[in-house]
Amino acid sequence: MTDEKTKQLIADMVGDMCFDRKKPAARHEKAMYSILKNSLGDTINGLNKLHLRLWHAVYKGDYHSLSLGETESALKEARQRIDNILKENF
């Protein structure tokens, strides 16, 4: 590969890249991220527990350990929590 082709290849690769510095996040934005992370923590923990219970039901064949009604109610609760977070913060 010649030097000219190499230069053109590098120019093509970096042509779409943006090297501008982004302005730092404001204190308010940082606080909002922290609030959202904390708010989602309980919901994520609940979904992780549901995932584990579903795994146990499917892979261990213990379908009586978790009813579909319990699964539906847990999912509805998670959806309601997420909807509440959206209403409160956005």
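In this text, all values refer to a predicted model and were calculated from it rather than measured experimentally. (Residues numbered from 1 in each chain as written. Predicted model: local features only at pLDDT ≥ 70, side-chain atom pairs only at ≥ 80, totals over all residues. Heavy atoms only, no water.)

### Section: the pattern of salt bridges
Stage number 1. Counted according to the given criterion, the structure contains three salt bridges.
Stage number 2. Put simply, Lys 76 and Glu 72 hold a salt bridge, and the shortest N to O gap is 3.2 Å. A residue pair is termed a helical-turn pair when its members lie 3 or 4 positions apart in one helix, as Lys 76 and Glu 72 do in helix α3 (residues 68-89) at four residues.
Stage number 3. The exposure class assigned to Glu 72 is partly exposed, which follows from its relative accessible area of 43%.
Stage number 4. Residue Glu 77 pairs with Arg 81 through a salt bridge whose shortest N-O separation is 2.7 Å. (Salt bridge = Lys/Arg side-chain N within 4 Å of Asp/Glu carboxyl O. Helix = DSSP H or I, 4+ residues; strand = E, 2+ residues; numbered from the N terminus. Buried < 20%, exposed > 50% of the residue type's maximum accessible area, 1.4 Å probe, protein only.)

### A few points about the confidence of the model for the protein
Stage number 1. Model confidence for the protein is summarised by a mean pLDDT of 89, while 99% of its residues fall at 70 or above.
Stage number 2. For the protein, helix α1 (residues 3-14) is the element with the lowest average pLDDT, namely 84, and α3 is the one with the highest, namely 93. (pLDDT = per-residue confidence, 0-100.)

### Considering the environment of Arg 81
Stage number 1. Counting through the fold element by element, Arg 81 comes out in helix α3.
Stage number 2. Sequence separation of Arg 81 and Leu 40 is 41 residues, and the distance between their C-alpha atoms is 8.3 Å.
Stage number 3. Ignoring any residue separated from it by four or fewer positions in sequence, one finds Arg 81 in contact with Asp 42 and Thr 43. (Contact = heavy atoms within 4.5 Å.)

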